[in-house]
Amino acid sequence: MPDDLTPASSASRRRSDTPDAVAPSSVDREGVGAAAQVEDLGIVDSLAQLSFLVQAALGKVAAEHGLSIIQLRLLGVLRDRTPGMQELARHLGLDKSSMTGLVDRAERRELVRRTASPHDRRAVLVSLTPQGHELARQGAAEADRQIRALAAHLTDAQRSQLSRLASALVAGHMTI
C-alpha cells in the first residue's frame, strides 16, 4: 500500500505558474526560503499531506489519553462554549445518532454533561465537566507541542505566513 505521505507524480501536482521549488532555510521578501530546495507539491497535495501530518499528531495525542480523534475534537470544541447537540453535530460533521453516541461515551467517562437549554425545554446543551476541562487542557497543550514540532524547521517568517494563510482558509469555512 502506498504511503499517504508519498508525493504524487510531479506532473499531476504542478501548475505552470507554480515555482518548482522553494527553500526553507533562508527567507526572501515573501517569507519563502531561498537556499535548500524543496519541491512544491501544489495546493492539493501539500494541503492533503499537511492534513495527514496534523491528523497523525492529533491521533497520537488522542491515543495517549485513551480517546479517538473525534473525542479529542469534541473536547476541543467544548473548551470555550456550551453548544446544543444540533450545533455540535453540525460542527463535528456527525448525524444525530452518531452525536448522541459520542456524547453518551464522553458522559460515561465523566468528561461532559448535558443540561436542559434555558431557552428550549426540548434542547440539551453539552459542556465539559472539571475532568473534561482538565483533559481538554492537557490535550490542547500536547497537540500544541506536536503541531509546533511539525513546523520547527521553518523560519519565524514562514511559520507566521503559514499561520496567516491557514487562518484565512479556515475563516472562510467556520461552522461554530
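Everything below is about the structure shown above.
A quick note: this is a predicted structure, and the numbers were derived from the prediction, not measured. Numbers given to residues run from 1 along each chain, matching the order in which its sequence is written. Per-residue local features are limited, in this predicted model, to residues with pLDDT of at least 70; the limit for side-chain atom pairs, both in listing and counting, is 80 or more; totals at the level of whole chains, interfaces and linings are taken over all residues. The side-chain figures draw on all heavy atoms in the structure; neither hydrogens nor water molecules are used.

Each helix is a run of H or I in the DSSP string that is no shorter than four residues. Each strand is a run of E no shorter than two, and both are numbered from the N terminus. Counting its secondary structure elements, the chain contains seven helices and four strands. Secondary structure elements of the chain occur, N-terminal to C-terminal, as α-β-β-α-α-α-α-β-β-α-α. Put simply, 48% of the contacts in the chain that link residues at least 6 apart link residues at least 24 apart. Residue-level accessible areas treat just the shown protein chains as cover; the underlying method is Shrake-Rupley with a 1.4 Å probe. Of the roughly 11300 Å² that the chain leaves accessible, carbon and sulfur atoms contribute 56%. We call two residues in contact whenever any of their non-hydrogen atoms come within 4.5 Å of each other.

With that settled, the discussion passes to the pattern of salt bridges. Between Lys or Arg on one side and Asp or Glu on the other, a salt bridge is scored when a side-chain nitrogen of the former is within 4 Å of a carboxyl oxygen of the latter. Under the definition given, this model contains eight salt bridges. Taking the shortest distance from any N to any O, the salt bridge between D80 and R81 comes out at 3.6 Å. Buried residues are those whose accessible area, probed at 1.4 Å on protein chains only, stays under 20% of the maximum for their type, while exposed residues exceed 50% and partly exposed ones sit between those limits. With a relative accessible area of 58%, D80 lands in the exposed category. With a relative accessible area of 29%, R81 lands in the partly exposed category. Several salt bridges share partner residues, and in doing so they unite D104, E107 and R114 into one network.

Note that D40 resides in the loop between β2 (38–39) and α2 (43–64). A distance of 2.8 Å separates the side chain of D40 from the backbone nitrogen of G42, its partner in a polar contact. Polar contact is the term for a pair of N or O atoms within 3.5 Å; when the atoms are in protein, one must be able to donate a hydrogen and the other to accept it, and sequence-neighboring residues count only if both atoms are side-chain atoms.

Turning next to the side chain of Q146. Its place among the elements puts Q146 in helix α6 (residues 130–150). Ignoring anything within four residues of it in the chain, the contact list for Q146 reads A57, K60 and V61.

So, on to the nonpolar core. The definition of a nonpolar core used throughout is a set of buried Ala, Val, Leu, Ile, Met, Phe, Trp, Tyr and Cys residues joined through side-chain atoms within 4.5 Å. Counting residues in each nonpolar core, the largest one holds 24 residues, and the members touching the most others are L74, L88, M99 and V112. Elements that contribute at least two residues to this core include exactly α2, α3 (69–78), α4 (85–92), α5 (96–108), β4 (124–128) and α6. No other element matches the five residues that α3 contributes to this core. Setting aside residues up to four positions removed in sequence, V112 forms contacts with L74, L78, V103, A106, E107, V126, S127, L128 and T129.

Below, the discussion takes up the packing of α4 against α5. Only the contacting stretch of a helix is used when fitting its axis, a line to C-alpha atoms as for every element, and angles between N-to-C directions run 0 to 180 degrees. It is at 10 Å that the axes of α4 and α5 come closest, and there the two elements cross at 105°. The orientation of α4 relative to α5 falls into the category roughly perpendicular. Residues M85, L88, A89 and L92 of α4 form the contact with α5, whose own contacting residues are M99, T100, L102 and V103. By the definition adopted for this analysis, an angle is roughly parallel if under 35 degrees, roughly antiparallel if over 145, roughly perpendicular if from 65 to 115, and oblique otherwise.

With that out of the way, let us pick up a nonpolar patch on the surface. Note on patches: the residues involved have over 30% relative accessible area and no salt bridge, like charges join within 9 Å, and the nonpolar side chains Val, Leu, Ile, Met, Phe, Trp and Tyr join within 5 Å. Judged by side-chain polarity, I43, V44, L47, L50, L53, I147, L150, L162 and L169 come together as a nonpolar surface patch covering roughly 730 Å² of accessible area. Listed by contribution, the elements that provide at least two residues to the nonpolar patch are α2, α6 and α7 (156–171). When residues in the nonpolar patch are grouped by element, the largest group, five residues, is from α2. By the secondary structure assignment, L53 is in helix α2. Given a relative accessible area of 35%, L53 falls into the partly exposed group.

Further remarks concern the environment of A140. By secondary structure assignment, the location of A140 is in helix α6. For A140, a relative accessible area of 27% translates into the label partly exposed.

Shape descriptors only; they carry no functional weight alone.
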